[in-house]
Amino acid sequence: ELQLVESGGGLVQPGGSLRLSCAASGFTFSSYWMHWVRQSPGKGLVWVSRITSDGSSTTYADSVKGRFTISRDNAKNTLYLQMSSLRAEDTAVYYCARVPAAGKGYFDYWGQGTLVTVSS
Amino acid sequence: QSVLTQPPSVSAAPGQKVTISCSGSNSNIGNNYVSWYQQLPGSAPKLLIYDNNKRPSGIPDRFSGSKSGTSAILGITGLQTGDEADYYCGAWDGSLSSVVFGGGTKLTVL
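Calculation criteria
Residues numbered from 1 in each chain as written. Chains lettered and ligands numbered in written order. Predicted model: local features only at pLDDT ≥ 70, side-chain atom pairs only at ≥ 80, totals over all residues. Heavy atoms only, no water. Salt bridge = Lys/Arg side-chain N within 4 Å of Asp/Glu carboxyl O. Helix = DSSP H or I, 4+ residues; strand = E, 2+ residues; numbered from the N terminus. Buried < 20%, exposed > 50% of the residue type's maximum accessible area, 1.4 Å probe, protein only. Core = buried A, V, L, I, M, F, W, Y, C linked by side-chain atoms within 4.5 Å. Contact = heavy atoms within 4.5 Å. Buried area = accessible area lost by both parts, 1.4 Å probe. Nonpolar A, V, L, I, M, F, W, Y, C, P; charged D, E, K, R; others polar.

A.B. asks: Would you mind showing me how to read the pattern of salt bridges here?
C.D. replies: Close approach of charged atoms allows side chains with opposite charge to pair. According to the stated counting rule, one finds seven salt bridges over all chains in the structure shown. Between Arg98 of chain A and Asp108 of chain A there is a salt bridge, and its shortest N-O distance comes to 2.7 Å. With Arg98 of chain A in strand β9 (residues 92–98) and Asp108 of chain A in the loop between β9 and β10 (109–110), this residue pair connects regions lying ten residues apart in the sequence. For the pair shown, Arg98 of chain A and Asp108 of chain A are each scored as buried. Lys104 of chain A serves as the salt-bridge partner of Asp51 of chain B, at 3.6 Å between the closest nitrogen and oxygen. Of this pair, Asp51 of chain B sits in the loop between β4 (46–49) and β5 (63–68) while Lys104 of chain A sits in the loop between β9 and β10, each in a different chain. With a relative accessible area of 28%, Lys104 of chain A lands in the partly exposed category.

A.B. asks: Is there a simple way to think about the nonpolar core in this case?
C.D. replies: A general trend in soluble globular proteins is that nonpolar side chains are found buried together. By size, the foremost hydrophobic cluster in this structure holds 43 residues, and its most contacted members are Trp36, Tyr94, Phe107 and Trp110 of chain A. Looking at this core, the elements with two or more residues in it are β3 (18–25), β4 (34–39), β5 (45–51), β7 (68–73), β8 (78–83), β9 and β11 (114–118) of chain A together with β8 (98–101) of chain B. Top contributing element to this core by residue count: β9 of chain A, with five residues. Grouped together as the second largest cluster of nonpolar side chains are 24 residues, Val10, Ile29, Val34 and Phe63 of chain B included.

A.B. asks: Explain the interface of chain A and chain B to me, please; I cannot follow it from the model alone.
C.D. replies: Frequently, the measure chosen for interface size is the accessible area removed from exposure when the parts meet. With 18 residues of chain A in contact, the opposing surface of chain B contributes 17 residues. When chain A packs against chain B, close to 1,400 Å² is buried across both sides, 66% of that on carbon and sulfur atoms. Ranking the residues of chain A by area buried against chain B places Leu45, Trp47 and Tyr106 of chain A at the top, with a combined share of 39%. Elements represented by at least two residues in the side of chain A that touches chain B include exactly β4 and β5 of chain A. Broken down by class, the residue content of the side of chain A that touches chain B amounts to eight nonpolar, seven polar and three charged.

Read these as geometric descriptors, not functional statements.
Quick look at the structure:
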């Protein structure tokens, strides 16, 4: 069974850092581009970042560029999101999501999400 | 503000049909495929429609999608109380080089 399981969320103070993980199983992780999408409480979905299957190329939303870093360890079947200089507006549930083929603009599988709360 | 525009809410009675619209521009819907997601309360989004009108395995044919120009529509027939959820449209945006979503539409089955 295909699974994406996020972890690493929690409460962090403004200006702090956090690293999210997304453990993949049930498919050949190294063959797929992966994304992070977030959802602030009571709000809609917002795309955050994308990484190619081999990790050679990454893209970020303007709102997180320079503060967040997406990466992956294909040997560990794990996707990461390193978040720094966190702001209150980064408070959200963070989902990792898979695209079914390189360059596709939709997500066929999503994790259950991990909540990040930025507050003093 | 979301790049794609959806109505905040729609409602219909059980067994009836409802449509949800999604409006964008040439940089997204006009030149790229549209996808739709269902988000049940407290759950992660789930893919309903991809490439404008295709259904993943396991999605009933009560759900359909269409696209015309810079707009798309999600249709749901034979409404069930279990269809109560938030629905989001999405598309690649070539100008932003990112996936963009609508603000979501809350479906109430009366």
